[in-house]
Amino acid sequence: MMLAFASPSCCSVHTSSTCHTLLRELEQIWKDIGETEADKDRMLSELERECLDVYRRKVEEAANTKACLHQSVATKEAEVATLMAALGELNINSLKQPEKKSASLKEQLALVTPLIDDLRVKKDERVKQFADVKTQIDKITSEISGYSNIINAVSSLNLEDHDLSLRNLSEYKSHLRALQKEKSERIQKVVDCVNEVHSLCGVLGLDFGKTVSDVHPSLHETSLGQSTNISVSALESLEQAIFRLKTERKVRYQKLKDVAGLLFELWTLMDTTREEKSKLSRITCVLRLSEAEVTEPGALSLEVIQQISTEVERLTKLKASRMKELVIKRRAELEDICYKNHIDPDPSTSADKSSAMIDSGLVDPCELLENIEAQISKAKDEALSRKDIMDKIDWWLFACEEENWLEDYNQDYRRYSGGRGAHINLKRAEQARIKVTKIPVVVNALINKTLAWEDEKQKLFLYDGVRLVSILEDYKVVRQQKEESKKRARDQKKLHDMLLAEKESAYGSKPSPRRSSSFRKANGYHANGHGSVTPSPRRSSMSCATPELLTPRSNSVRHNGYFKEMTRLSAGPLNFVAMAKEDTVSFSSISGSDPESPLQA
């Protein structure tokens, strides 16, 4: 037993000698005590058993320590593998050095500990990078989506299972760049929309701050920690705001255009001065632009529209007080146009009737004025179409005046005297004879031209209310009667001369008495400003069956004796026989007024 006790292989030499020394001392003590051999064996057995228990406990403790070290090494190796996998490190076999199998557990633990520390630091840095990128992604995503709560990027990352490789980090960064680009585009779009809203608010005179704050407060003033809202809903709200503002701009522009149109009409009606118009020249400039081109601040504000409306109301009230005067004035213009062109104006808008209708309130002065304006326009158009015919009528009437003057001139026995101005009258007589010979041709051409005008216009050509063709036809008849009357007078004169010649041959010649002064007519001449004698046309009951036909007429005279006579004649049948007899009797009475006339014998 002592040999077994004293020869454990695990004891050192020093320990073995010490045990033997102690055992000898114990045996000496037992011997001194007087212990029996049985007691000695029993106590030695107990001592050996206690020593075995101590060895066994120590072995168990060592085994446990080894297991712990082995577990630690395995755990750290597993953690290294996990970290390297998370970090995307593929060189896992680098940990298995060739001397790993021969190294003790503590050496293995000492080898893996620095590596795992480095990997943990690297992981922390990678997590921080992921956290920064994820924070920015979440922030931009929240701005785009419009959510105000930003998720904590660090807490959202699963540090155990999350892929922390550089490839995954690159994907996150690519996603972040895409979001940043989208954010930049959205910010630019928001800025453009806000600028457009600002421009529209300026044109319309609206509060820009209140308008964009209704969309989102961050669009006007961004406070600390508050970013500009670039969400889809914010963009849609901005677009809707722009649409409303553009609609309002269109409505106001049309309203301004309508009110300004009324203002321009009133300016024209009221003959507004340039100084008064210059007060609203800004409005005139705005209306020259299209709706989209109006950018001047306040150009379409309610104040501007109200200003124009107030001016329109003022001019409308002023127009109402002056409308009667304007109606009478425009009616006078209509009558003047009709007067110059011998057109009968519409009697329904005469000055008396218009004044009575306005005073009684039976008609709106504006409608009456529009009616007169339409009549003026119609009269001007008709006057333009009648111009060629009216020019020929003026020529014809002037030729008739010249014919009347020529007849008076031919009856003056002193026309060949050598008085002052005789050569002028003689020259005029020659020109008048040429003009008179053209009258029939001109009258026929005038009738044809008038008929062509009536066919084109599908209405009668009226001259002072009488059809011109009827007047010209009546004139031709009267002229023919006049020529026949002159022919009969010439035949009677020839017969009278023949009777005188026969009496002179039978009874001898006698001095013919002087013509009675009562037979002489005023010569119808007067001195002009140059001392010469100018003919003054007069009516002659002897030379024309219608004495008022050749009444002097200037180009601006409205009524003339001829057309009055033609109007009177057209109302009843012409008595050409009676007119012929009147001409014959007047000529006979003149011939027989001489007391020595053969007819008195």
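Definitions and cut-offs
- Residues numbered from 1 in each chain as written.
- Predicted model: local features only at pLDDT ≥ 70, side-chain atom pairs only at ≥ 80, totals over all residues.
- Heavy atoms only, no water.
- UniProt positions renumbered as here; feature names shortened; annotations may be inferred.
- Helix = DSSP H or I, 4+ residues; strand = E, 2+ residues; numbered from the N terminus.
- Buried < 20%, exposed > 50% of the residue type's maximum accessible area, 1.4 Å probe, protein only.
- Areas by Shrake-Rupley, 256 points an atom, 1.4 Å probe, with all protein chains shown as cover.
- Phe/Tyr/Trp six-rings, centres within 6.5 Å; stacked < 30°, edge-to-face > 60°.
- Lys NZ or Arg CZ within 6 Å of the ring centre and 35° of its normal.
- Salt bridge = Lys/Arg side-chain N within 4 Å of Asp/Glu carboxyl O.
- Axes fitted to C-alpha atoms, helices over the stretch in contact; angles between N-to-C directions.
- Parallel < 35°, antiparallel > 145°, perpendicular 65-115°, else oblique.
- Left-handed = near helix turned anticlockwise from the far one by under 90°.
- Contact = heavy atoms within 4.5 Å.
- Nonpolar A, V, L, I, M, F, W, Y, C, P; charged D, E, K, R; others polar.
- Expected span 1.5 Å × (residues − 1).
- Patch = residues over 30% accessible without salt bridge, like charges linked within 9 Å, V, L, I, M, F, W, Y side chains within 5 Å.
- Lys, Arg positive; Asp, Glu negative; His and termini not counted.
- Charge placed at Lys NZ, Arg CZ, Asp CG, Glu CD.
- Core = buried A, V, L, I, M, F, W, Y, C linked by side-chain atoms within 4.5 Å.
- pLDDT = per-residue confidence, 0-100.

The chain goes by 65-kDa microtubule-associated protein 6-like in an unreviewed UniProt entry, where it is assigned to Solanum tuberosum. Taken directly from UniProt, the Sequence similarities (unreviewed entry) text for the chain runs: "Belongs to the MAP65/ASE1 family." According to UniProt, the comment filed for the chain under the heading Subcellular location (unreviewed entry) is "Cytoplasm, Cytoskeleton".

Trainee: Got a minute to help me understand the overall build of the chain in this structure?
Mentor: When its secondary structure is counted, the chain shows 18 helices and 4 strands. Taking all 601 residues of the chain together, the buried fraction comes to 33%. As presented, the chain carries roughly 37200 Å² of accessible surface, and 55% of it is formed by carbon and sulfur atoms.

Trainee: Quick question: what am I supposed to make of the packing of aromatic side chains here?
Mentor: A ring pair, where both rings are aromatic, is described by two values, the distance of the centres and the angle of the planes. In the structure shown here, the tally under the stated rule is 5 aromatic pairs. Both rings, one in Trp396 and one in Tyr475, keep their centres 4.9 Å apart while their planes meet at 80°; by these two values the pair is edge-to-face. On the criterion of sequence distance, the pair formed by Trp396 in helix α13 (residues 365-410) and Tyr475 in helix α16 (residues 468-507) is long-range, its members being 79 residues apart. Between Trp405 and Tyr409, the ring centres sit 5.1 Å apart and the planes meet at 15°, which makes this aromatic pair stacked. Of this pair, Trp405 and Tyr409 are both found in helix α13, 4 residues apart, which corresponds to roughly one turn of the helix. For Trp405, a relative accessible area of 1% translates into the label buried. Residue classification places Tyr409 among the buried positions, given a relative accessible area of 2%. Lying across the ring of Trp405, Arg428 places its NZ or CZ 4.2 Å from the centre.

Trainee: Even after reading the chapter, I still don't get the pattern of salt bridges, so can you show me in this structure?
Mentor: When the charged atoms of two side chains lie near each other, side chains of opposite charge can form a pair. Taken as a whole and judged by the stated rule, the model has 29 salt bridges. Among the salt bridges present, the one from Arg42 reaches Asp39, with a minimum N-O distance of 4.0 Å. One end of the pair, Arg42, and the other, Asp39, are both in helix α3 (residues 37-87), 3 residues apart, so they sit about a helical turn from each other.

Trainee: Just checking my understanding: could you explain unusual backbone geometry for this structure?
Mentor: Outside of glycine, negative phi angles account for most residues, and trans bonds account for most peptide bonds. Although it is not a glycine, His342 sits at a positive phi angle of roughly 55°. Take His342: it is sitting in the loop between α11 (302-341) and α12 (351-360).

Trainee: Honestly, the packing of α13 against α16 in this entry has me stumped. Any pointers?
Mentor: Helix-helix packing: each pair is described by the crossing angle between the helix axes and the interaxial distance. Following both chains from N to C, one finds α13 and α16 inclined at 20°, their axes separated by 14 Å at the closest point. Taken together, α13 and α16 sit at an angle that is classed as roughly parallel. Once α13 is placed against α16, the crossing between them reads as left-handed. Listed contacts from α16 to Ile389, Ile393, Trp396, Cys400, Glu403 and Glu407 of α13 are Leu468, Ile471, Leu472, Tyr475, Arg479, Lys482 and Lys486. Its residues placed into classes, the contact of α13 with α16 shows 8 nonpolar, no polar and 5 charged.

Trainee: Explanation requested: helix α6 (residues 166-204) in the structure shown.
Mentor: Given 3.6 residues to a turn, an α-helix orients residues that are three or four positions apart in the same direction. With 39 residues, α6 ought to run about 57 Å at 1.5 Å a step, and its terminal C-alpha atoms sit 56 Å apart, in line with that. Within two residues after α6, Gly205 carries a phi angle of roughly 70°, on the positive side.

Trainee: For this particular structure, what's the right way to read a negative patch on the surface?
Mentor: A cluster of acidic residues, Glu265, Asp364, Glu367 and Glu370, forms a negative patch on the protein surface. Secondary-structure assignment places Glu367 in helix α13.

Trainee: Even after reading the chapter, I still don't get the nonpolar core, so can you show me in this structure?
Mentor: When a protein is soluble and globular, its nonpolar side chains tend to lie buried together. Of all hydrophobic cores here, the largest spans 58 residues; its most connected members are Val197, Leu256, Ile283, Leu300 and Ile308. Those elements that provide at least two residues to this core are α3, α4 (105-145), α6, α7 (208-215), α8 (232-270), α10 (281-287) and α11. Ignoring anything within four residues of it in the chain, the contact list for Leu256 reads Ile283, Val286, Leu287, Ala299, Leu300, Val304, Ile305 and Ile308. In terms of nonpolar packing, the next biggest core, distinct from the first, is built from 21 residues, Met390, Val443, Leu468 and Leu472 among them.

Trainee: How should I be thinking about the environment of Leu446 in this particular structure?
Mentor: Note that Leu446 resides in helix α15 (residues 439-457). Considering only alpha carbons, one finds Leu446 and Ile393, 53 residues apart in sequence, at a separation of 7.7 Å. Excluding residues that lie within four positions of it along the chain, Leu446 makes contacts with Ile389, Lys392, Ile393 and Leu472.

Trainee: Where do I start with the confidence of the model for the chain in this structure?
Mentor: Detail in the predicted coordinates should be disregarded across regions flagged by low pLDDT. On average, residues of the chain carry a pLDDT of 75, and 75% of them reach 70 or more. In the predicted structure, residues 149-156 sits below a pLDDT of 50 and forms 13 contacts with residues beyond four places in sequence or in another chain. The low-confidence segment residues 564-601, where pLDDT is below 50, has 44 contacts with residues more than four positions distant or belonging to other chains.

Trainee: For this particular structure, what's the right way to read the packing of α11 against α12?
Mentor: Look at α11 against α12: their axes get within 10 Å of each other, and the N-to-C directions meet at 160°. Considered as vectors, α11 and α12 are oriented roughly antiparallel to each other. For the crossing formed where α11 meets α12, the hand is right-handed. Counted together, Lys324, Val327, Ile328 and Arg331 of α11 and Ala351, Ser354, Ser355, Ile358 and Asp359 of α12 form the full contact between these two elements. For the contact of α11 with α12, a count of residues per class yields 4 nonpolar, 2 polar and 3 charged.

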